[in-house]
Amino acid sequence: LAKTTQPISMDSYEGQEVNITCSHNNIATNDYITWYQQFPSQGPRFIIQGYKTKVTNEVASLFIPADRKSSTLSLPRVSLSDTAVYYCLVVTGRLTGGGNKLTFGTGTQLKVEL
Amino acid sequence: EPEVTQTPSHQVTQMGQEVILRCVPISNHLYFYWYRQILGQKVEFLVSFYNNEISEKSEIFDDQFSVERPDGSNFTLKIRSTKLEDSAMYFCASSELGGNTGELFFGEGSRLTVL
């Protein structure tokens, strides 16, 4: 299981772009990089997933270099409501049933201020 | 937007009592999960369930825990004899595909307090 490392905390201001980098040096060929967001007293919420290069959706962008040993979650123009814990996970793709056991680390606590 | 619903939102129980936490996964999902989060700690995997049987469980999920899908909609977690250290937020999750996607849909959680 690929271990991930990400900063414990980050501070930003409203309107700024926030980039959270995660390292996953021993990522395997079948692994996907997945990011979740968690607000206090709520369940985690899927943000974005990618395998390589760049993925963008209405919430965020995910940049993955060619070696896939790191990834960067980019949140454009954050607001106060983006204050949350952001988790970087490596998910192993499976071809058989049984579901994916997600292993959460400590995540990055993002605090957005005015 | 479809969502995973959990009941109760908060339960207080005495040590040694049995607790059942209930979840209604998203209707077309096939994979079901329970996770827990002790206050201030990581979200921890407990068990995954597919095709009416447990597909994987963690070391936390010992004989005191059991899961069941008693009908076509509910997915329950039972703790037979609660301990103080079972106090946590318990999250149910479901997913449509258990393969390459990491997209699990989590409920709002059930907070369990064991006294």
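Remember, predicted model here, so these are calculated numbers, not experimental data.

K.L.:
With reference to specific residues and values, describe the overall build of chain A.
P.N.:
For chain A, the count of helices and strands is 0 helices and 9 strands. The secondary structure elements of chain A, listed N-terminal to C-terminal, are β-β-β-β-β-β-β-β-β. Against the globule reference of 13 Å for 114 residues, chain A gives a C-alpha radius of gyration of 14 Å, in line with a compact fold. Excluding contacts between residues fewer than 6 apart, the proportion of contacts in chain A whose partners are at least 24 apart in sequence is 57%.

K.L.:
Give a detailed account of the nonpolar core, specifying residues and quantitative values.
P.N.:
If you look at soluble globular proteins, the nonpolar side chains tend to sit buried side by side. Residues Trp34(B), Leu46(B), Phe61(B), Val67(B), Phe75(B), Leu77(B) and Tyr90(B) are the most contacted members of the largest nonpolar core, which totals 22 residues. Those elements giving two or more residues to this core turn out to be β3 (19–24), β4 (31–37), β5 (43–50), β7 (65–68), β8 (75–79), β9 (88–95) and β11 (110–114) of chain B. Once residues within four sequence positions are removed from consideration, Val67(B) is found in contact with Trp34(B), Val47(B), Phe49(B), Ile54(B), Phe61(B), Phe75(B), Thr76(B) and Leu77(B). Residues Ala2(A), Ala60(A), Cys88(A) and Leu110(A) belong to the second largest nonpolar core, which totals 21 residues.

K.L.:
Describe the side chain of Thr34(A), and please don't skip the residues or the numbers.
P.N.:
Tracing the sequence through the fold places Thr34(A) in strand β3 (residues 31–38). Here Thr34(A) falls in the buried class, since its relative accessible area comes to 0%.

K.L.:
Give me the lowdown on the state of the cysteines, citing residues and values where you can.
P.N.:
All names here are of chain A. Summed over the entire model, instances satisfying the criterion amount to 2 disulfides over all chains. Through a disulfide, Cys22 is tied to Cys88; the S-S separation comes to 2.2 Å. Torsion about the S-S bond of the Cys22 and Cys88 cystine: about -80 degrees, corresponding to left-handed handedness. With Cys22 in strand β2 (residues 18–23) and Cys88 in strand β8 (residues 84–92), this pair connects stretches of sequence that are 66 residues apart.

K.L.:
Lay out the packing of aromatic side chains in plain terms, naming residues and giving numbers.
P.N.:
Summed over all chains, the structure comprises 15 aromatic pairs over all chains. With a centroid separation of 5.5 Å and 40 degrees between ring planes, the pair formed by Phe32(B) and Phe75(B) is classed as tilted. With Phe32(B) in strand β4 and Phe75(B) in strand β8, the pair connects residues that are 43 residues apart, well separated along the chain. Side by side, Phe32(B) and Phe75(B) carry an identical accessibility label, which is buried. Each residue in the set Tyr36(A), Phe46(A), Tyr87(A), Phe104(A), Tyr33(B), Tyr35(B), Phe45(B) and Phe106(B) is aromatic and connected to the rest through ring pairs, giving one cluster. The side chain of Arg68(A) reaches across the aromatic face of Tyr51(A), ending 3.9 Å from its centre.

K.L.:
Account for the sheet that holds strand β7 (residues 70–75) of chain A, naming residues and giving values.
P.N.:
Strands belonging to one sheet form pairs held by backbone hydrogen bonds; the direction of such a pair is parallel or antiparallel. All names here are of chain A. The strand order across the open sheet formed by 4 strands is β2-β7-β6-β5, and the pairing between neighbours is antiparallel. Two strands in the sheet have a free side with no partner beyond their single neighbour: β2 and β5 (53–56). The average undirected angle you get between the axes of adjacent strands in this sheet is 15 degrees. Both strand β6 (residues 61–64) and β7 contribute to a ladder of 3 bridges, which runs antiparallel. Counterpart to Leu62 in the pairing with β7 is Leu73.

What counts and how
- Residues numbered from 1 in each chain as written.
- Chains lettered and ligands numbered in written order.
- Predicted model: local features only at pLDDT ≥ 70, side-chain atom pairs only at ≥ 80, totals over all residues.
- Heavy atoms only, no water.
- Helix = DSSP H or I, 4+ residues; strand = E, 2+ residues; numbered from the N terminus.
- Rg over C-alpha atoms; globule rule 2.2 N^0.38 Å.
- Contact = heavy atoms within 4.5 Å.
- Core = buried A, V, L, I, M, F, W, Y, C linked by side-chain atoms within 4.5 Å.
- Buried < 20%, exposed > 50% of the residue type's maximum accessible area, 1.4 Å probe, protein only.
- Disulfide = S-S within 2.5 Å.
- Phe/Tyr/Trp six-rings, centres within 6.5 Å; stacked < 30°, edge-to-face > 60°.
- Lys NZ or Arg CZ within 6 Å of the ring centre and 35° of its normal.
- Pairing = 2+ DSSP bridges.
- Axes fitted to C-alpha atoms, helices over the stretch in contact; angles between N-to-C directions.

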